[in-house]
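Observations on the three-dimensional arrangement
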Amino acid sequence: MSVSLQQHLQRCRKVVYDMNFTYVDAWRQQHPQGKVVGCFPVYIPREVIHAAGMLPVGIYGGGLEIEIDRADARVQSFICSISRSTLELGMSHYLKNFDAMYFTSVCDVARNLSGVWERNFPSVLVEYIHFPQNMESKSSVPYYSGEMRGLCQNLERIGNVTITDEQLRHSIQVYNENRALHRQLTTFKQENPGKLDASELYLLQRAGACLPVEEHTAMLREVLDELPRREGKRRDRIRVVLEGAFCEQPPLELIEIIEEAGCDIVASDFALGLMWFLEDVPVQGNPLENLARSYLTQSDYSSVRHYGLKRRDYSLVEKVRRVKADGVLFCIAKFCEPALIDYVTHKNTLEREGIPLVNFEFEEKMGVFENIRMQVETFAESILLFA
Amino acid sequence: MAFTAGIDIGTRMTKTLIYNTDSKEIVAAVIDLTGHNLGAAAQRTFDAALAKAGLKAADIGYVATTGYGRYQVEFRNIQITEISCHSKGALKLFPKTQSVLDVGAQNSRAMRVAPNGRVTSFRMNEKCASGAGRFIERVAGALEIELDQFGPMSLKAANPQEISSVCAVLAESEVINHVTEGQEIEDILMGANNAVSDRIVALLRQVKVEPEVTLTGGVAKNAGMVKALENRLELSLNVSELSEYAGALGACVFASERLAKMGQRVAA
């Protein structure tokens, strides 16, 4: 019997905010020899972990669920909340069942966090993935596929397994399927904003960072089957694109308030790291080279990935036009340098193109949203009632 | 014939208007105490307004809500801030309005408004209700007089008493002091009007006073307050019997504009 949409949403909420990672414990019981790999945002090539028979789990900080106690003794107060609370998760033993932690070259804080992790958790395999910075060099594919080969070797060592090309191809296929369903879900939201709240879409997608990919794929299929039959809310709202270079996650209430205040979020980058590629990664051929080539040529634009052939601000304008948005909300985590640096370019370009925008900052532990509500409501009114 | 509804769920009173978008006239107006269940107050006044107009819910093409309970109405099409709605409502009542003072039970706001209803500047009172109707209510309560008697009685004041407290709660004890000193009730009432009007005028000065000035919100029914404000501003205020409904009226007008736009979109 299929599970209802409401039950799926409840399950997603439970999983996303479960800082005791009971779903990881459940997976380990079913896979006694299995290893669990924590993935710090934004993007991790999960196919590599999956091919090793291991469980990749997104670590998005502690949100409102935990108090920062031990981590503040090791990192400054002027870095982003996600880094502090992720370290707290480690120091307070919430991640005791994790065998490895992956970090990437998204920013200085993430880079240093990988070092802090290595020093404080010597029994855990810590990987710091250097993504290629040059998207056009002929050396980038061999370089990045070599990086991933190194990841495979370390996983083979800790898991006492062998990762074959065939397993990698299978994992690429499994993740292609999952990403395609993510894309279908976001398209559904764009076409039927009243039938799926942005906060619901957020939960459905973010659960994909926690659950085994096959389970998440099956869930998305059921959800997509049920959604068209759902009755929509009749709200008169503006359509917005929400940008935040995610990484640190906003409280769910913030997403709810944005929509409540008069904005249908018809496109966002909340699930950027889980969708990442604009098209399927080729399955045939050398799997690691395929992943590397897709990273260079098929990645979505992002503040944490070096410029490809196309500027990010132009990609944003294209997105606004494609989804027929009335404006852009910049929802940026406090102290997030990549997002704040890009904001300047984005703002200038949007203004030049005559696309309205508003900007506000958030923190994962934020509890009062009245100022943001007022900003968003005023922004929506200015477009809806007077444009 | 198309109709819209504007529902203003205030902290004390909920106001619902039904508006004929063709004749641009109000066809029904209902006001009731808000109580603790904001959504229920909206539903109750909406149903009563429909009955008064002889309409069904399906006849209403668009529902706009405003006021502090605006998010609690499940059947709304849109919620709009009080700032926008009161400005729009004031312009509908007095088309030459350039400044708006909205004094409700819990909040006071001063707005500058462009001829199309766009708010160009606004200020609100601080978190407490010392510059709003709740202050007047507490004084009325302390003196055991009905709220609707407050205005007429205060106009008879010969020697208004000073009420210096900026806090509505502490003002009560100040009022009691005046009573024990044997001051006339009318003078104390006018003193309360003066105290509140001082704070409201300060808000208006921050957005720059530009006549015509229209007063909206429930406090507009207090003639003593109107006089106190006019004395301080040295101009006469626009006040209408519908001033208390200005937020709901603005919501109705916005709703009819949105309905017309949506109709154009469908036609296109």
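Residues numbered from 1 in each chain as written. Chains lettered and ligands numbered in written order. Predicted model: local features only at pLDDT ≥ 70, side-chain atom pairs only at ≥ 80, totals over all residues. Heavy atoms only, no water.

Some points on the overall build of chain A
Note the cut-off: Secondary structure follows DSSP: runs of H or I at least 4 residues long count as helices, runs of E at least 2 residues long count as strands, and numbering of each begins at the N terminus. The quantity called the radius of gyration is restricted to C-alpha atoms. Its globule counterpart is 2.2 Å times the number of residues to the power 0.38. Here's how the labels work: a residue is buried when its accessible area is under 20% of the maximum for its type, exposed when over 50%, partly exposed in between, all with a 1.4 Å probe on protein chains only. Note on contacts: a residue pair is in contact if any heavy atoms of the two residues lie within 4.5 Å. Per-residue accessibility takes into account occlusion by the displayed protein chains alone, with areas from the Shrake-Rupley method and a 1.4 Å probe. We treat Lys and Arg as the positive residues and Asp and Glu as the negative residues; His and chain ends play no part in the count. Here the site of a charge means NZ on Lys, CZ on Arg, CG on Asp, or CD on Glu.
Secondary structure summary: chain A contains 15 helices and eight strands in total. Relative to the compact-globule value of 21 Å for 387 residues, chain A shows a C-alpha radius of gyration of 20 Å, a close match. Taken along the three principal axes of its C-alpha coordinates, chain A extends 65 × 50 × 45 Å. The burial tally for chain A puts 59% of its 387 residues in the buried class. In chain A, once contacts between residues fewer than 6 apart in sequence are set aside, the share between residues at least 24 apart is 73%. Element-wise, carbon and sulfur atoms account for 48% of the exposed surface of chain A, whose accessible area totals about 16,300 Å². When the 43 positive and 53 negative side-chain charges of chain A are each reduced to one mean point, those points stand 2 Å apart.

Focus on the sheet that holds strand β6 (residues 99–103) of chain B
All names here are of chain B. Rule in force here: In this description, strands pair whenever DSSP reports at least two bridges between them. Simply put, an axis is a line fit to the C-alpha atoms, just over the touching stretch for a helix, and the angle between two N-to-C directions goes from 0 to 180 degrees.
Spatial strand order, β8-β7-β6-β9: four strands in an open sheet with mixed pairing. Because the sheet does not close on itself, it has two edges, and the strands there are β8 (119–124) and β9 (213–216). Shown here is a sheet whose adjacent strand axes are inclined to one another by a mean of 15°, direction ignored. Where helix α2 (residues 82–93) meets the sheet, it contacts β6, β7 (108–113), β8 and β9, and its direction lies at approximately 60° from that of β7.

Quick look at the nonpolar core
The tendency in soluble globular proteins is for nonpolar side chains to be buried side by side. This is how it is decided: We define the nonpolar core as a collection of buried residues of types Ala, Val, Leu, Ile, Met, Phe, Trp, Tyr and Cys that are connected through side-chain atoms lying within 4.5 Å of one another.
Among the nonpolar cores identified, the biggest contains 146 residues, and Trp-117 and Leu-155 of chain A are the most heavily contacted of them. In terms of nonpolar packing, the next biggest core, distinct from the first, is built from 33 residues, Ala-140, Met-153, Val-219 and Met-225 of chain B among them.

Side note on the environment of Phe-122 of chain B
Residue and element names in this part refer to chain B. As for its position among the elements, Phe-122 is in strand β8. By relative accessible area, which is 30% here, Phe-122 ends up partly exposed. A sequence separation of 72 residues divides Phe-122 from Asn-194, and the C-alpha atoms of the two residues are 22 Å apart. In this structure, Phe-122 is in contact with Ile-83, Ala-110, Met-111 and Val-207, ignoring residues within four places of it in sequence.

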